[in-house]
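# Inside the fold
Chain by chain, the residues run as shown.
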Amino acid sequence: AQSVSQHNHHVILSEAASLELGCNYSYGGTVNLFWYVQYPGQHLQLLLKYFSGDPLVKGIKGFEAEFIKSKFSFNLRKPSVQWSDTAEYFCAVTHGSSNTGKLIFGQGTTLQVKP
Amino acid sequence: DVKVTQSSRYLVKRTGEKVFLECVQDMDHENMFWYRQDPGLGLRLIYFSYDVKMKEKGDIPEGYSVSREKKERFSLILESASTNQTSMYLCASSLRQVPYFNTEAFFGQGTRLTVV
């Protein structure tokens, strides 16, 4: 079965530090990849998405992610985090060839940014 | 803006009760999803519907059923609530995926269900 793994469950950083959150998926075919964020007390919202083309994807608030097909990975990065980036981050995937769009999530990573 | 509305933010139910969680979306999306969110486990898919009256089991369907009689509404039913179903429940919707092209999912605010 298709699955998504996020290796870092809880990350603590100081402001201005660089961030990289790992995400790996198990499906061998074409995939669509997403990062969602959930700020405290708010609903999930999309940070960025990859469907095809340039494997380096830029999202909102200075986030980016790189799709590396050979490693089945879609890691999220930000060069310099801010206190307001404190949130829970979820990686998600759908099969690219699917005609429905069943969306599977990873376990999530809690990011705490210290001022 | 897409709006996904869940009927309740907080619910407290007794063990053995039949519980209905309702979700409505206003953007004519074909796909609707129910997830539960638990600390350290992320979002786990309970059920997925890709059209009216169509449903597909997710990773953890046991103890749950769903109903999709109208395109805009997707209901999650706990046939006999148990304490291990205490959780945050999230509803989402998206357009049907065309092969090799997808759209994002939009989420409701969640329903915090406590079963006592």
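This report concerns the structure included in the present document. (Residues numbered from 1 in each chain as written. Chains lettered and ligands numbered in written order. Predicted model: local features only at pLDDT ≥ 70, side-chain atom pairs only at ≥ 80, totals over all residues. Heavy atoms only, no water.)

## Focus on the overall build of chain A
The helix and strand tally for chain A stands at zero helices and 12 strands. Mapped in sequence order, the helices and strands of chain A form the string β-β-β-β-β-β-β-β-β-β-β-β. Rg of the C-alpha trace for chain A: 14 Å, near the compact-globule value of 13 Å for 115 residues, within the 12% margin. Across its three principal directions, the C-alpha atoms of chain A cover 45 × 25 × 20 Å. Among the 115 residues that make up chain A, the fraction classed as buried is 49%. Counting contacts in chain A only where the partners sit at least 6 residues apart, residues at least 24 apart contribute 56% of the total. Of the roughly 5,100 Å² that chain A leaves accessible, carbon and sulfur atoms contribute 52%. With 9 positive and 7 negative side-chain charges, chain A shows a spacing of 5 Å between the two charge centroids. (Helix = DSSP H or I, 4+ residues; strand = E, 2+ residues; numbered from the N terminus. Rg over C-alpha atoms; globule rule 2.2 N^0.38 Å. Buried < 20%, exposed > 50% of the residue type's maximum accessible area, 1.4 Å probe, protein only. Contact = heavy atoms within 4.5 Å. Areas by Shrake-Rupley, 256 points an atom, 1.4 Å probe, with all protein chains shown as cover. Lys, Arg positive; Asp, Glu negative; His and termini not counted. Charge placed at Lys NZ, Arg CZ, Asp CG, Glu CD.)

## Things to note about the state of the cysteines
The final tally for this structure, using the stated rule, is two disulfides over all chains. Covalent S-S linkage joins A:Cys23 and A:Cys91, the inter-sulfur distance amounting to 1.9 Å. Where A:Cys23 bonds to A:Cys91 through sulfur, the torsion about that S-S bond is close to -65°, and the disulfide is left-handed. You can see A:Cys23 sitting in the loop between strand S3 (19-21) and strand S4 (24-25) and its partner A:Cys91 sitting in strand S10 (residues 87-95), a full 68 residues away along the chain. Exposure remark for A:Cys23: the relative accessible area of 0% places this residue in the buried category. Each disulfide pairs two cysteine sulfurs, and for B:Cys23 the partner residue is B:Cys91, the sulfurs being separated by 1.9 Å. Since a negative S-S torsion denotes a left-handed disulfide, the B:Cys23-B:Cys91 link at about -80° is left-handed. Taken together, the residues B:Cys23 in strand S3 (residues 19-25) and B:Cys91 in strand S9 (residues 87-94) connect sequence positions 68 residues apart. (Disulfide = S-S within 2.5 Å.)

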